[in-house]
Amino acid sequence: MEQIMLYEQDIVNALCLFHAHKKEVEAEDVQVELLYDDDYGFSAEVHVGGRKQVLIEANLIEAIRFYLDNKMNINSFSAGLELALDEEEGIVAYVKIR
């Protein structure tokens, strides 16, 4: 089993591409801020067209799966995903590829 790490910028890119796909806009038009809270866990604020949407951890995982399928050619349904807070790298995702 191979494990790769997606860095914070990879997660932001995944959210931009996923949200752009859903909203039918360009990925460059999407702004993302990743967040972590001890009580609520991982989330993100997404801004597009003057509107803000708050995404929960499940939405982040969905976006990462979309990114794995479409940009990295990895079968996301067979991959295990775990979000983590790294002191040096910020928010990262560990992807276990089976």
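Residues numbered from 1 in each chain as written. Predicted model: local features only at pLDDT ≥ 70, side-chain atom pairs only at ≥ 80, totals over all residues. Heavy atoms only, no water.

Trainee: Honestly, the overall build of the chain in this entry has me stumped. Any pointers?
Mentor: Regarding its fold elements, the chain presents two helices and six strands. Ordered by position from N to C terminus, the α and β elements of the chain give β-α-β-β-β-α-β-β. Here the C-alpha atoms of the chain give a radius of gyration of 13 Å, agreeing with the 13 Å that 2.2 N^0.38 yields for 98 residues. When the backbone C-alpha atoms are referred to their principal axes, the chain occupies close to 40 × 30 × 20 Å. In the chain, which comprises 98 residues, the proportion classed as buried is 42%. For the chain, contacts bridging at least 24 residues in sequence account for 43% of all contacts bridging at least 6. About 6300 Å² of surface is accessible on the chain, with carbon and sulfur atoms providing 43% of the total. (Helix = DSSP H or I, 4+ residues; strand = E, 2+ residues; numbered from the N terminus. Rg over C-alpha atoms; globule rule 2.2 N^0.38 Å. Buried < 20%, exposed > 50% of the residue type's maximum accessible area, 1.4 Å probe, protein only. Contact = heavy atoms within 4.5 Å. Areas by Shrake-Rupley, 256 points an atom, 1.4 Å probe, with all protein chains shown as cover.)

Trainee: When you look at unusual backbone geometry in this model, what are you seeing that I'm missing?
Mentor: Both trends apply: most residues other than glycine have a negative phi, and most peptide bonds are in trans. Residue Glu 24 is not a glycine yet carries a positive backbone phi of 55°. Among the secondary structure elements, Glu 24 is positioned in the loop between helix H1 (8-23) and strand S2 (31-37).

Trainee: What's the story with the pattern of salt bridges in this structure? I'm lost.
Mentor: Where side chains of opposite charge bring their charged atoms close, a pairing between them can arise. As enumerated under the stated definition, the model contains one salt bridge in all. Here Glu 45 makes a salt bridge to Lys 52, at a shortest N to O gap of 3.8 Å. (Salt bridge = Lys/Arg side-chain N within 4 Å of Asp/Glu carboxyl O.)

Trainee: Where do I start with the environment of Glu 87 in this structure?
Mentor: Mapped onto the elements of the fold, Glu 87 is located in the loop between strand S5 (79-86) and strand S6 (90-97). A residue is classified by how much of its surface remains accessible, and Glu 87, at 86% relative accessible area, is exposed. As for Glu 87 and Leu 60, which are separated by 27 residues in sequence, their C-alpha atoms are 20 Å apart.

Trainee: Would you mind showing me how to read helix H2 (residues 57-71) here?
Mentor: Note that an α-helix has 3.6 residues per turn; residues three or four places apart therefore point the same way. The first and last C-alpha atoms of H2 sit 20 Å apart over 15 residues, in line with the 21 Å expected at 1.5 Å per residue. Within the span of H2, buried status applies to Leu 60, Ile 61, Ala 63, Ile 64, Phe 66, Tyr 67 and Leu 68. Phi turns positive, to about 55°, at Asn 73, one or two residues after H2. (Expected span 1.5 Å × (residues − 1).)

By themselves, these observations are geometric and do not establish any function.
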